[in-house]
Amino acid sequence: MTQQKPEPIPVTVLTGYLGAGKTTLLNRILTEPHGKKFAVIVNEFGEVGIDNDLIVESDEDVFEMNNGCICCTVRGDLIRIIEGLMRRPGRFDGILIETTGLADPAPVAQTFFVDKDVRSKTRLDSIITVVDAKHLLEEVDRAHEAQEQLAFADTIILNKTDLVSDDEIFAVDQRIRRINPTASIIRSQRCDVDILSLLDRKAFDLDHILEIEPDFLDETHEHEHDEHVTSFSLVERQPMDPGMFLNWLQSTVQAFGMDMLRMKGIISFAGDADRFVVQAVHMLLEGEHQRPWKDSEERVTRLVFIGRDLPKDIITDGFAKCRAVRQAAE
């Protein structure tokens, strides 16, 4: 009898700009009676760590990386720590990674794309970004890290809502939506949120999200503004030519990947009974067939791009040329 391979351990990345409340959220996760066991990886910027001392005492294992920003120098350390955790006796219910407030979350996410051993034993479950509702509007326009943390999020905790008015909360919400139209937004005071609803929710698994919310990518309205990071959507009801589309997508990622923070989508290919799901983090692209299209759902191709000054006209034109009907006509 063959031994069943254990399920990959979910990994939750906690990010957010300086002072937003990441450590407060982490402490809530570690102290609330949810009955789960976590390994915690705390990233510091600088030789002397502080965040580790701010974390409450708990039964969890805390690992500190303080030889640089996780987005610059220590991806190798992250891989080694995770591989070490996998060799330990017993099993964790999850791994929590708290990044420094100056970190770009992309390389953290990329770790779970590119390292085969890590990917076989863990799965990126969610990127949670904590936002200071009182200071976001001033921070987001002067700190590109704040914009990119919002862009990569699957879940955004709009914290410190007790310090602002309803009109200010609305303005912050609208500003977030201009950067990231698909993330869930949870309002909170002192990160007092339902912890279990944040963990093991498969928020980074696009196909899982589409099962729960079939209209997740239906952002047909535009997000065109003059901000540094913006988003836009492409929708096509005609089936796409597989060869043309995949070639276009690969060339688009190669050309604009450095400025393409996140891309996610579901594709309807001509002559293919299955949905094809794609997502990218910068220049790392992955795609695979998922379940068959259901009789009750419309076969629509939907793509969402979030990035820095992406040439929407060029990307839209290339996308339109991938329709199977266009090739047939030519």
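Since this is a predicted model, take the numbers as computed values, not measurements.

Undergrad: Could you give an account of the packing of aromatic side chains, naming the residues involved and the relevant values?
TA: One pass over the full model with this rule turns up five aromatic pairs. With 5.3 Å between their ring centres and 20 degrees between their planes, Phe232 and Phe305 make a pair best called stacked. Here Phe305 lies in strand β12 (residues 301-308) and Phe232 lies in strand β8 (residues 229-236), a separation of 73 residues in the sequence. Each member of the pair, Phe232 as well as Phe305, carries the same accessibility label: buried. Arranged with centres 5.3 Å apart and planes meeting at 50 degrees, the rings of Phe269 and Phe276 form a pair that is tilted. Assessed through its relative accessible area of 4%, Phe269 is described here as buried. Cluster of aromatic residues (ring-pair linked, three or more members): Phe245, Trp248, Phe269, Phe276 and Phe319.

Undergrad: How would you summarise the environment of Ile41 if you had to cite specific residues and measurements?
TA: Structurally, Ile41 is set in strand β2 (residues 38-43). Residues Ile41 and Ile82, 41 residues apart in the sequence, show an inter-C-alpha distance of 9.0 Å.

Undergrad: Summarise unusual backbone geometry; cite the residues concerned and give the values.
TA: As a rule of thumb, non-glycine residues mostly have phi less than zero, and peptide bonds are mostly trans rather than cis. One non-glycine residue, Lys160, lies in the positive phi region at around 65 degrees. Tracing the sequence through the fold places Lys160 in the loop between β6 (155-159) and α8 (166-179). On the accessibility criterion, Lys160 (23% relative accessible area) is partly exposed. The phi torsion at Cys191 lies on the positive side, around 55 degrees, for a residue other than glycine. Relative to the helices and strands, Cys191 is located in the loop between β7 (184-187) and α9 (206-212). Taking relative accessible area as the criterion, Cys191 reaches 0% and is therefore assigned buried.

Undergrad: Outline the pattern of salt bridges, listing residues and values.
TA: Evaluated as defined, the whole model comprises 14 salt bridges. We note a salt bridge from Lys121 to Asp117, for which the minimum N-O separation is 3.4 Å. Separated by four residues within a single helix, Lys121 and Asp117 lie in helix α5 (residues 116-121), roughly one turn from each other. What makes Asp117 partly exposed here is its relative accessible area of 32%. Residues joined in a network through salt bridges with shared partners are Arg123, Asp125, Asp200 and Lys202.

Undergrad: Account for the sheet that holds strand β10 (residues 274-281), naming residues and giving values.
TA: The strand order β8-β12-β9-β10-β11 describes an open sheet built from five strands, whose pairing is antiparallel. The open sheet has two free edges, formed respectively by β8 and β11 (284-292), since each of these has just one partner strand. Between one strand axis and the next, the sheet turns by 10 degrees as a mean value, whatever way the strands run. Two elements, β10 and β11, share seven bridges in a ladder whose sense is antiparallel. Bridging across to β11, Ala280 finds its partner in Leu285. Strands β8 and β12 of the sheet are contacted by α8, whose axis makes an angle of about 60 degrees with β8.

Undergrad: Break down the packing of helix α10 (residues 242-256) against helix α11 (residues 312-320) for me, with residues and values.
TA: Close contact between α10 and α11 brings their axes to 10 Å; oriented N to C, the two are set at 165 degrees. Comparing their axes, α11 and α10 come out roughly antiparallel. α11 is crossed by α10, and the crossing has right-handed handedness. Seen from α10, the contacting residues are Phe245, Trp248, Thr252 and Phe256; seen from α11, they are Ile314, Ile315, Gly318 and Phe319. Classifying every residue of the contact of α10 with α11 gives six nonpolar, two polar and no charged.

Undergrad: Got a sec to walk through the packing of helix α7 (residues 144-152) against α8? Specific residues and values, please.
TA: The geometry of α7 relative to α8 is characterised by a closest axis approach of 9 Å and an angle of 75 degrees between their N-to-C directions. Taken as axis vectors, α7 and α8 run roughly perpendicular relative to one another. In contact with Gln147, Leu150 and Ala151 of α7, α8 contributes Arg175, Ile176 and Ile179. Looking at the contact of α7 with α8 residue by residue, the class counts come to four nonpolar, one polar and one charged.

Conventions used here
Residues numbered from 1 in each chain as written. Predicted model: local features only at pLDDT ≥ 70, side-chain atom pairs only at ≥ 80, totals over all residues. Heavy atoms only, no water. Phe/Tyr/Trp six-rings, centres within 6.5 Å; stacked < 30°, edge-to-face > 60°. Helix = DSSP H or I, 4+ residues; strand = E, 2+ residues; numbered from the N terminus. Buried < 20%, exposed > 50% of the residue type's maximum accessible area, 1.4 Å probe, protein only. Salt bridge = Lys/Arg side-chain N within 4 Å of Asp/Glu carboxyl O. Pairing = 2+ DSSP bridges. Axes fitted to C-alpha atoms, helices over the stretch in contact; angles between N-to-C directions. Contact = heavy atoms within 4.5 Å. Parallel < 35°, antiparallel > 145°, perpendicular 65-115°, else oblique. Left-handed = near helix turned anticlockwise from the far one by under 90°. Nonpolar A, V, L, I, M, F, W, Y, C, P; charged D, E, K, R; others polar.

Fair warning: the whole summary comes from geometry, so function is off the table for now.
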